[in-house]
Amino acid sequence: MKRLIPAIRISLSIVLITISLLLVGDLLGLFPDRSKELSQAREKTSESLAVLFSGLASKGQMEAIGFTIKSFVERNPEVLSAGLRQVNGKLIISYGDHAKYWSPLSEDQSTLDSVTVPIFEGNKRWGAIEVQFKPIVTDTPFEKISNTIYGLVIYVGLFGFGAYLLLIRRTLRELDPSSVIPERVSAAFNALAEGLLILDEKQQVVLANSAFAEKFGRTTESLVGYKANELGWADKALKPWDQTLQTGESLIGVSVKAKSSSGKLRSLVVNSAPITDAAGNCRGVLATFDDVTELIEKNEALESMVCKLEDNKHEIEQQNEELHYLATRDPMTGCLNRRAFNEQFQAMFKGAKEGQTELTCIMADIDHFKSVNDNFGHGVGDEVIKLLAEVLHSCTRDSDLVARYGGEEFCLVLPNIMINAAYHIADRIRRRVKDEARKQFPNGPRVTVSLGVASIYSGARTAEELNNYADKALYMAKESGRNRVIKWDPAEIAKVEGKVNQPSAVKSDKASAIQLGEKLSEVASDGAPEDMKRLKVRLKQLESMATSYSKKLQYQANYDRLTGLPNQLLFYDRVQQAIARSERFNRFSAVMSLDVDLFKRVNNSLGRVVGDQLLKVIASRLKDIVRETDGITLLTLQKKDLVVSHLGADEFGILITDLPEIAAVSIVVKRIHHLLSEVVEIEKQKIYLSSSIGISICPDDGETADTLLKHASIARQHAKQMPGNNNHQFFDKQMNDNSVKQIELESELKEAIKNREFVLFYQPKVELSTGKICGVEALIRWEHPTKGLLSPIEFIAAAERSNLIIEIGEWVIETACHQMRRWQKMGLYDCTVAINLSTIQLRQENLSEFIVETLEQTGILPQSLELEVTETVIMDNVITASDTLNYLHSKGVKISIDDFGTGYSSLSYLKYLPLDTLKIDHSFIRDILTDQSDQSIVKTIIAMAHGLKLRVVAEGVEEKEQLALLKTYGCDEVQGYLYSRPVTADNATVLLKEDFSQVLVVS
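Residues numbered from 1 in each chain as written. Predicted model: local features only at pLDDT ≥ 70, side-chain atom pairs only at ≥ 80, totals over all residues. Heavy atoms only, no water.

J.: Just give me the short version of helix α20 (residues 568-585), but keep the residues and values in it.
T.: The terminal C-alpha atoms of α20, which comprises 18 residues, lie 25 Å apart, in line with the 26 Å expected from a rise of 1.5 Å per residue. Along α20, the residues classified as buried are L570, F571, V575, A578, I579 and S582. Two or three places before L569, at the start of α20, stands the capping residue N567, its side-chain oxygen 3.2 Å from that residue's backbone nitrogen. Two residues or fewer after α20 comes N586, characterised by a positive phi angle close to 55 degrees. (Helix = DSSP H or I, 4+ residues; strand = E, 2+ residues; numbered from the N terminus. Expected span 1.5 Å × (residues − 1). Buried < 20%, exposed > 50% of the residue type's maximum accessible area, 1.4 Å probe, protein only. Polar contact = N/O pair within 3.5 Å; in protein donor to acceptor, adjacent residues only side chain to side chain.)

Here's what the structure looks like:
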């Protein structure tokens, strides 16, 4: 809304001052009252008649009196009637239908229209003259107002405002501050693209150019005379021109926010320079305003685009890794496929040749595999192939190559392994396959494997030749009875050369057939009709699209869309694989459950968009846990040994495989805490994070992915309950037992709510100045059917974790208010009931409405209810807590800070919250007689609270000496066992009638 121009504001001010003077003058009696004057005139006329009639009556001239009355009525148009009445009430003479107009008056009291004057004969009253005048008629509201001071006020208000406005406008024109600026200079300023203001030393606008006026939707003339700080700035911070006027120094590039006429928030960059006189004194300020709103919006859009490109880059990299894995691996066994194997084998062979190091090759083939498929089905055949692949992985190193060469045939390449050692490895594979097959297939088939071993030092000149040597040795193993391991030996090969060459011949025939087929295909393709060629091209396009779409669906099924991390499904699969590897290599794997402590608060206060961006930052940092510059590399931990997954909301899963020892996990945890504790800046908002991590170890803490993650989550919950930030906790069996107990406790709590097993106890608060109970604190107890009476410490935490605290809290509020109503019916009004609120309750959307409705239903005054909240509860959600408490306080409910000094104690929140009372925690009272630090703290808290107009309650007072010391410090109220323990409602009723001035101890 636009503000009024200066001329109108000044005119209104003068009119209001004039009206105030008129009203004060009327109050002091300086203005005549027409009604009063008329009344006095009528009374004097009547008194004159009374004097005349007294004389005539004393002479007995009654006829003269009658004639005089008749003449008086006829000659005065304002008189309706007149009469002479004796003291006995008899009307002896009248004129003008006096009986009709006259109404009897008590004790000779006259009115404006009816006047009575007594007539005396000597000292004795003889009668009275009665005169009835016409009433003063005001036909219209205007006449009614015009006869009062308010008519004059309205006249001055309306016509005075117009006259003042004309005068002030002409005066301002004569005194126009813009006249000091030449017209040509003003025109030059209007040509500038930047906004410009010239201010005097009182911050009033002397000149504003058109560019500045447009930003606020005004004219340059209307801005003159305004103060610069009144032009609709978005913040209340000290402005650049204020600083320049104070210091006389120029300021450059100061950012300010302003609201335009459309309500849009605009960003302006301000430069301010002082205007000085000949003596160097600052007489004003010249300020320029450059609108950078569009520039900032474009920069933000550009940054957003860059972020999206970065996200896409990471996503593409992740997809490339997955595609690379799929492209190089056999889908059934996870082994290298033949193409990828050949590429790596070539490079490894070349390196071994150049470095003159050992390199051995093992070919493995399942015996009688065709009969397995024929007799037991392809499903069993696939399981046999997977079994062999698992055995090969378990008996080899990460640096070894394991490939599915084709069908049931596998190939291994072992760098830096001598042929004799490779032979023993191959024999261990053979025996392991036989043993595992008996366990896995007790009813058949009988699975064995034959293996051939060859070394680079056997004369192989190429990788293909070394592979061929191992293949020939494998053939010899199959020819000599199967389920055997044969080393390649040229002498042995020569003895059976004819047989050995047969497989090669078969392979050559296969190769020739393939080449022939390709040639026939080419010929057929060349000779095909044009439509057939187009159909083939279209078919290939569709196959490519289907493959691409299939890969995209597979990615979406396994990866989180927001963070690009593996989702829960893929994470579980990776954990299951890690379990199998831990069993094979006798190494440890760790599963971590991590959540960000402040994520929910960020989501609530800054919005989900910021929350999503924060999750992306966290995911990016977790991906960078392993870097070459980190000390983690000392553990030989590589990126392939670590999997980070987004499990949902603010929870992340982390898998670490192939750990040499459990202690190594702590190093990784420290790295995670370090990365996540670095400040995050999103949309110019700095966010400081902390995290809680739970860890379970495979195989000690579980043998399935679900068990390991469940145990890690339990450990994380324990870490969150530890004091401080950035905590981690390893799982142990006791945690699981506690978790089971918590589940049982939550189930019992639900039954307790249903069966109404809770009861309220009340502990009095005593006012030290009077010794009387001024309030009670309601404390919940649980009458457990088997465990007896339980205190809140045994079940409130579980109620908060399960959100049952909301139902329990509502029951407490209703019960306490009903009890307060019963006490008030007994006449005990000088008492309040205090109820504790938890964090979960303050987050409850309808808490305020529920409390107000309960107060209305029970009929107690809002001032009778006091809500106690701790510092931790407030700081857990400052915005919601502040809104809720302010609303309830506006309704009359009292607010108290409980356990003061044990939470954040930043003190800054005290001035923003609607507090009435501050309760000093009992931990400061316990040792107050012996600990000087506690004495200083308590004394300071009381002085500070009184400075903020707050009452102070000391909790946990148990000794008279403590009480005496608190009195000297000026404490207002105390609460503790010295006066009473928490008692039932009936016992509390008795206590409320007691006088504690002599400190009566009640047990």
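J.: Tell me about the sheet that holds strand β15 (residues 588-596), residues and numbers included.
T.: Spatially, β16-β17-β15-β20-β21 is the arrangement adopted by the five strands of the open sheet, whose pairing is mixed. One side of each edge strand has no neighbouring strand; the edge strands of this open sheet are β16 (642-648) and β21 (727-730). For this sheet, the mean inter-axis angle between neighbouring strands, taken without regard to orientation, is 20 degrees. Summarising the sheet, β16 and strand β17 (residues 651-659) pair through six bridges and their orientation is antiparallel. Paired with H646 across the strands is F652, a residue of β17. Packing against the sheet, α20 makes contact with β15, β16, β17 and β20 (691-698), and its axis sits at approximately 20 degrees to β17. (Pairing = 2+ DSSP bridges. Axes fitted to C-alpha atoms, helices over the stretch in contact; angles between N-to-C directions. Contact = heavy atoms within 4.5 Å.)

J.: Let's hear about the packing of aromatic side chains: which residues, and what values?
T.: For the coordinates displayed, the defined rule picks out 12 aromatic pairs. Ring centres of F212 and F289 lie 4.9 Å apart, and the angle between their planes is 55 degrees; on these two criteria the pair is classed as tilted. In this pair, F212 sits in helix α8 (residues 210-215) while F289 sits in strand β9 (residues 282-291), placing the two residues 77 residues apart along the sequence. Comparing F212 with F289, the two get one shared label, buried. Considering the side-chain rings of F758 and F795, the 5.8 Å spacing of their centres and the 40 degrees angle between planes classify their relative orientation as tilted. With F758 in strand β22 (residues 758-767) and F795 in the loop between β24 (788-790) and α26 (796-801), this residue pair connects regions lying 37 residues apart in the sequence. Among the residues examined, F758 registers a relative accessible area of 9% and is labelled buried. Given a relative accessible area of 0%, F795 falls into the buried group. Across the ring face of Y423, the terminal group of K487 is positioned such that the distance to the ring centre comes to 5.7 Å. Sitting above the plane of the F761 ring, R781 keeps its charged end 5.7 Å from the centroid. (Phe/Tyr/Trp six-rings, centres within 6.5 Å; stacked < 30°, edge-to-face > 60°. Lys NZ or Arg CZ within 6 Å of the ring centre and 35° of its normal.)

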